[in-house]
Amino acid sequence: MTKHAVRAARMFDGEQLVDGGVLVLLDDGWIADVHQGWAEAPEGWPVRDEPDGTLLPGLVDAHVHLCADAGPDALGRLAERPETDLDTVIEAALRAHLAAGVTTVRDLGDRRDAVLRWRDREVRDGLPTVVGSGAPITSVGGHCWSMGGEASGVDGVREAVRLRAAAGADLVKVMASGGVFTPGTDTTRPQFTDQELIAALRQAHDLGLPVTAHAHALSAVEQALRVGIDGIEHCTCVTATGAHLPDELADRLAAAGVAVCATLGTDPAVVAPPEVVAMAARAGLSEVTLRDGAATLHRAGVRLVAGSDAGLGPAKPHGILPETLVEYVACGIPATAALAAATSVGAEVCGLGRHKGRVRPGFEADLLVVAGDPASDITVLRRPLAVYRAGKLS
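Reading the values: the criteria
Throughout, a residue's number is its position along its own chain's written sequence, starting from 1. The model is predicted, so local features are restricted to residues of pLDDT at least 70 and side-chain atom pairs to those at 80 or more, both for listing and for counting; the totals for chains, interfaces and linings are taken over all residues. Here the side-chain values reflect all heavy atoms present in the structure, with hydrogen atoms and water set aside. Secondary structure elements are defined from DSSP: runs of H or I of at least 4 residues count as helices, runs of E of at least 2 residues count as strands, and each element is numbered from the N terminus. The quantity called the radius of gyration is restricted to C-alpha atoms. Its globule counterpart is 2.2 Å times the number of residues to the power 0.38. Only heavy atoms enter the contact rule, under which two residues are in contact if any of them lie within 4.5 Å. Using a 1.4 Å probe on the protein chains alone, a residue whose accessible area is under 20% of its type maximum counts as buried, one over 50% counts as exposed, and one in between counts as partly exposed. Two strands qualify as a pair provided DSSP detects at least 2 bridges between them. Only the contacting stretch of a helix is used when fitting its axis, a line to C-alpha atoms as for every element, and angles between N-to-C directions run 0 to 180 degrees. We call a pair of cysteine sulfur atoms a disulfide whenever their separation is within 2.5 Å. Orientation labels follow simple angle bins: below 35 degrees gives roughly parallel, above 145 gives roughly antiparallel, 65 to 115 gives roughly perpendicular, and whatever is left gives oblique. By definition, turning the near helix anticlockwise from the far helix through less than a right angle yields a left-handed crossing, and turning it clockwise yields a right-handed one. Whenever a carboxyl oxygen of Asp or Glu lies within 4 Å of a side-chain nitrogen of Lys or Arg, that contact is scored as a salt bridge. Side-chain atoms within 4.5 Å link the members of a nonpolar core, which is a set of buried Ala, Val, Leu, Ile, Met, Phe, Trp, Tyr and Cys residues.

1. As for the overall build of the chain
- Broken down by element type, the chain carries 11 helices and 16 strands.
- Here the C-alpha atoms of the chain give a radius of gyration of 20 Å, agreeing with the 21 Å that 2.2 N^0.38 yields for 394 residues.
- Counting only C-alpha atoms, the chain reaches 65 × 45 × 40 Å along its principal axes.
- Pairs at least 24 apart in sequence give 70% of the contacts found in the chain among residues at least 6 apart.

2. Quick notes on helix H5 (residues 218-227)
- With respect to burial, H5 is a largely interior element, seven of its 10 residues being buried.
- Within H5 the residues assigned to the buried category are Leu218, Ala220, Val221, Gln223, Ala224, Leu225 and Val227.
- As for H5, its buried residues are in contact with helix H4 (194-206), strand E9 (211-217), strand E10 (231-239) and helix H6 (247-256).

3. Some details on the sheet that holds strand E7 (residues 129-132)
- Strand order in the open sheet made by the three strands is E5-E6-E7, with parallel pairing throughout. Bordering the open sheet on either side are strand E5 (59-64) and E7, each of which pairs with just one other strand. Pairwise comparison of adjacent strand axes, ignoring direction, gives a mean angle of 20 degrees for this sheet.
- With four bridges joining them, E5 and strand E6 (residues 102-107) adopt parallel strand pairing. Pairing of Val64 across the sheet is with Asp107, part of E6.
- Of the strands in this sheet, E5, E6 and E7 touch helix H1 (residues 83-99), which is tilted by about 135 degrees from E6.

4. Things to note about the environment of Ala338
- Structurally, Ala338 can be placed in helix H10 (residues 335-341).
- Distance in space between the C-alpha atoms of Ala338 and Leu116 is 29 Å, their sequence separation being 222 residues.
- Residues contacting Ala338, with those up to four places away along its chain left out, are Leu325, Tyr328, Val329 and Ile333.

5. Concerning the state of the cysteines
- Tallied over the full model, the rule gives zero disulfides.
- Among the cysteines around Cys67, which has no disulfide bond, Cys144 carries the closest sulfur, lying 11 Å off.
- In this structure Cys331 is a free cysteine whose sulfur lies 13 Å from that of Cys261, the closest cysteine sulfur available.

6. Some words on the environment of Val60
- Here Val60 is to be found in strand E5.
- Separated by 43 residues in the primary sequence, Val60 and Thr103 have C-alpha atoms spaced 6.3 Å apart.
- When sequence neighbours within four positions are dropped, the list of residues in contact with Val60 reads Thr104, Ala306, Leu321, Ala342, Thr343, Gly346, Ala347 and Cys350.

7. Concerning the packing of helix H3 (residues 153-166) against H4
- One way to put it is that H3 packs onto H4 with a least axis distance of 8 Å and a crossing angle of 30 degrees. One finds that H3 runs roughly parallel with respect to H4. Along this stretch, H3 crosses H4, giving a crossing that reads as right-handed. The segment H3 lies against H4, with Gly153, Val154, Val157, Arg158, Val161 and Arg162 engaging Gln195, Glu196, Ala199, Ala200, Gln203 and Ala204.

8. Section: the pattern of salt bridges
- If you walk through the whole model with that rule in mind, you get 25 salt bridges.
- A salt bridge links Glu233 to Arg106; the shortest N-O distance between them is 3.1 Å. Note that Glu233 is positioned in strand E10 and Arg106 in strand E6, a separation of 127 residues in sequence.
- Taking the relative accessible area as the measure of exposure, Glu233 reaches 1% and is therefore buried.
- For Arg106, a relative accessible area of 3% corresponds to the buried category.
- Between Glu348 and Arg303 there is a salt bridge, with its nearest N and O atoms 3.8 Å apart. Here Arg303 lies in strand E13 (residues 303-305) and Glu348 lies in helix H11 (residues 344-349), a separation of 45 residues in the sequence.

9. Notes on the sheet that holds strand E15 (residues 384-389)
- Judged by pairing direction, the sheet is mixed, and its seven strands sit side by side in the order E3-E2-E1-E4-E14-E15-E16 without closing on themselves. The outermost strands of the open sheet, each flanked by one partner alone, are strand E3 (30-36) and strand E16 (392-393).
- Pairing of strand E4 (residues 47-57) with strand E14 (residues 367-371), which is carried by five bridges, proceeds in the antiparallel orientation. Across the sheet, Thr54 pairs through a bridge with Val370, a residue of E14.

10. As for the nonpolar core
- Leu66, Ile232, Leu253, Leu325 and Tyr328 are the most contacted members of the largest nonpolar core, which totals 95 residues.
- Per-element accounting of this core gives the leading share, six residues, to H5.
- Among residues more than four places away in sequence, those in contact with Tyr328 are Ala262, Leu264, Leu304, Val305, Ala306, Ile333, Ala338 and Ala341.
- Judged by nonpolar contacts, the second largest core, of 17 residues, contains Ala8, Met11, Val22 and Ile31.

Below you can see the structure in the form of structure tokens.
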């Protein structure tokens, strides 16, 4: 079916809620037209009616780990998995995202570029679009070292960036601090010098690639801002005495236009194992500090995107992005701002803003339909009525 239409009670177009009915015409995988009000479809265009539904752009999860299967110690077990197994994990992860209404993902740490190679084989079959960084660049023995991205020194990080570009990466991810799930790394300190980060950033920009930095440490967030990094993941601002994001730092992040992904969102039905709780506590992280940080970022006007960190463990399964948005709203972020973070803003940060993330003529027909109004009850995202990927009902 090349030409068909979807009619709903209202629409979130990627920026604002439009009430009073909407009819969206889909043609060969693209949005042909958008009619506000209770319009009739052209003759010969079959219509799917959702009389109490809301139509949105397909969601963008800007921080996932497709190689990680969301089981216990998912990252730790990656080192020994054969690549043939990884292909199966990647495809299962993408199907879970699609079922949750996510039509685009940004993979920020696959093992030895397995996701990039999988993508090159063009076996997507209606699965979400994948934007990928390849293996994250980390210090020797640093956070996620087993993924194959260790580098040291100015020349070493430059070469690591060149290798990512040669592998087809869409962006570069740098582990600017240690991480909770890599024993022996320090979440309170940077992993690279300013000179190394500047070298990575300049090399990436010369190759046309943006750079985002994993940064838990307050000092690593400060460092990333100081050298002009494009994006920051987590931004939890951990110190030896706890985690706190200062208002003045949030103001500087907003003024610099840095895109921040706070990586909230967990499965409320999963109780975190004691060892995971202990690891987070040692890093000064808790649900309260994470939510407080996201609220501070929003109040300052920071460019927030939505990413779940899906795949890390049982509490972070693939397809968990609706919970990220539920938590954003619980922080005091307006629902429309949370939705924009997962649609138009997310698409822009992924480099896809010209054809994804909005319900607009000429954009790809990646769409989500939910029952009810997510602007008044964000939890309706947990129950998709329909998901379209490139105009095809999934």
